[in-house]
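Read off the chains here:
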Amino acid sequence: MRRLPIPEDVTGYEVDPDVRQELQSLPKGLADDVAKNLVMVAKLIDEDPEQAYAYSRVALRLASRVAAVREAAGFAAYANEKYSEALAEFRAARRMTGSAELWPVMADCERGLGRPEKALDMAGEPEVQRLDKAGQVEMRLVAAGARRDMGQLDAAIVTLQSPELASNSVQPWTARLRYAYADALLEAGREDEAREWFAKTVESDKEHTTNASDRLAELDGVEFVDAFDEDEDEDEVGENEQLVAEARIDESDESDESDAEDVAEAEKADGTEYYDPDDEEYEGDDDADDDADDDVAAKPALDQPLFVAPEQAEAQAADEGEEPEAGKA
């Protein structure tokens, strides 16, 4: 059986008293293993649902007859949008406990499976009356979502209009209820009302469970600048500068090659060798000290012209009072 690693910080894990009582039916060692896997499901289900699902499968193989395990497996599957599997696990847990607590999430699984009509039927079942206030609000949210799935936007808005929505008291469900109402109003084109309810959502969303503040800013025409964009711009500028520098180097290389070609053509035309101070052929041989004088003589002095045309030689000789080579006997 595949087991997933349990971090050491789970040693002091906290398990719900009701769940711990359920696990008492298992041998102590097995109960501890199951409890640790359930704790990992709870810790990871929001930040890493896939890993949470993997832990839930381990717990399910260890203790499939424990209702808490079936419920945890259902929520892990639900978080990964495995709605058919989640619905099966929730139904199994409900049969074991007889509780209606999972009724709203079971109805939402029907929505996930593309059966909004079934979700609406469940919203009218007697089980809804057995739910506490939080469960009833959750059922109302699911029913409104089913209405929107069916294209009944006005009906969805009416479904969300309730004493819980109008209450000034802030409860754990208040932000989500107001957000759903504002979102439905916005989709219906009632922008002013939507803005009002997004603002009310922000007031009640102390835990920042919604993005109501962003939606409100969007309606007000406020744009946020992401700091990472500036970094990306700087990176782009740096890349552009590098490309320009590389282009300049390439141009320089091409220029050098062009100069070399011009020199070669001139040498071919004149039959004269041009001195290139960067040419390795003219560099002295460190190992041939005996030929150093010859090397020096072979190289023209840097303060003298590298090439003297015949006409220039005659003129220079005339200035110095010497006869040109051609005039000597």
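Procedures and definitions
- Residues numbered from 1 in each chain as written.
- Predicted model: local features only at pLDDT ≥ 70, side-chain atom pairs only at ≥ 80, totals over all residues.
- Heavy atoms only, no water.
- Core = buried A, V, L, I, M, F, W, Y, C linked by side-chain atoms within 4.5 Å.
- Buried < 20%, exposed > 50% of the residue type's maximum accessible area, 1.4 Å probe, protein only.
- Helix = DSSP H or I, 4+ residues; strand = E, 2+ residues; numbered from the N terminus.
- Contact = heavy atoms within 4.5 Å.
- Axes fitted to C-alpha atoms, helices over the stretch in contact; angles between N-to-C directions.
- Left-handed = near helix turned anticlockwise from the far one by under 90°.
- Nonpolar A, V, L, I, M, F, W, Y, C, P; charged D, E, K, R; others polar.
- Salt bridge = Lys/Arg side-chain N within 4 Å of Asp/Glu carboxyl O.

### Comments concerning the nonpolar core
Stage number 1. In terms of nonpolar packing, the biggest core is built from 45 residues, with Leu23, Val34 and Val69 touching the most fellow members.
Stage number 2. Looking at this core, the elements with two or more residues in it are helix 1 (17-23), helix 2 (28-44), helix 3 (49-62), helix 4 (67-79), helix 5 (83-97), helix 6 (103-112), helix 7 (116-123) and helix 8 (133-149).
Stage number 3. The residues touching valine 34, leaving out its near neighbours within four places in the chain, are Leu23, Leu26, Leu62, Ala63 and Val69.
Stage number 4. Residues Leu165, Tyr179, Tyr181 and Ala194 belong to the second largest nonpolar core, which totals 20 residues.

### Regarding the packing of helix 12 (residues 191-204) against helix 13 (residues 212-219)
Stage number 1. Here helix 12 crosses helix 13 at 145°, and the two axes come no closer than 9 Å. As helix 12 runs across helix 13, the sense of the crossing is left-handed. Each of Glu191, Ala194, Arg195, Phe198, Ala199, Thr201 and Val202 in helix 12 lies in contact with helix 13, whose residues at this interface are Ala212, Ser213, Arg215, Leu216 and Leu219.
Stage number 2. In terms of residue class, the contact of helix 12 with helix 13 is made up of seven nonpolar, two polar and three charged.

### Brief notes about unusual backbone geometry
Stage number 1. Located in the positive-phi region is glutamate 81, a residue other than glycine, with phi close to 60°.
Stage number 2. Here glutamate 81 lies in the loop between helix 4 and helix 5.
Stage number 3. Taking the relative accessible area as the measure of exposure, glutamate 81 reaches 59% and is therefore exposed.
Stage number 4. If you check the backbone angles, histidine 208 has positive phi at about 55° while not being a glycine.
Stage number 5. Summarising the element assignment, histidine 208 is placed in the loop between helix 12 and helix 13.

### So, the environment of leucine 113
Stage number 1. For leucine 113, the location among the structural elements is in the loop between helix 6 and helix 7.
Stage number 2. Distance from leucine 113 to tyrosine 83, taken between C-alpha atoms, is 6.4 Å for residues 30 residues apart in sequence.
Stage number 3. Every residue in contact with leucine 113, bar those within four places of it in the chain, is listed here: Tyr83, Ser84 and Leu87.

### Quick notes on the pattern of salt bridges
Stage number 1. Scanning the entire structure with this criterion turns up 16 salt bridges.
Stage number 2. Notably, a salt bridge pairs aspartate 183 with arginine 215, separated by 3.0 Å at the nearest N-O pair. Here aspartate 183 is found in helix 11 (residues 174-187), whereas its partner arginine 215 is found in helix 13, with 32 residues between them in sequence.
Stage number 3. A relative accessible area of 17% means that arginine 215 is categorised as buried.
Stage number 4. Glutamate 196 serves as the salt-bridge partner of lysine 200, at 3.4 Å between the closest nitrogen and oxygen. On the criterion of helical spacing, the pair formed by lysine 200 and glutamate 196 is a turn pair, its members being four residues apart in helix 12.
Stage number 5. Look at glutamate 196 and you get partly exposed, because its relative accessible area is 41%.
Stage number 6. A cluster of three or more residues bridged by salt bridges with shared partners is formed by Arg148, Asp183, Glu187 and Arg215.

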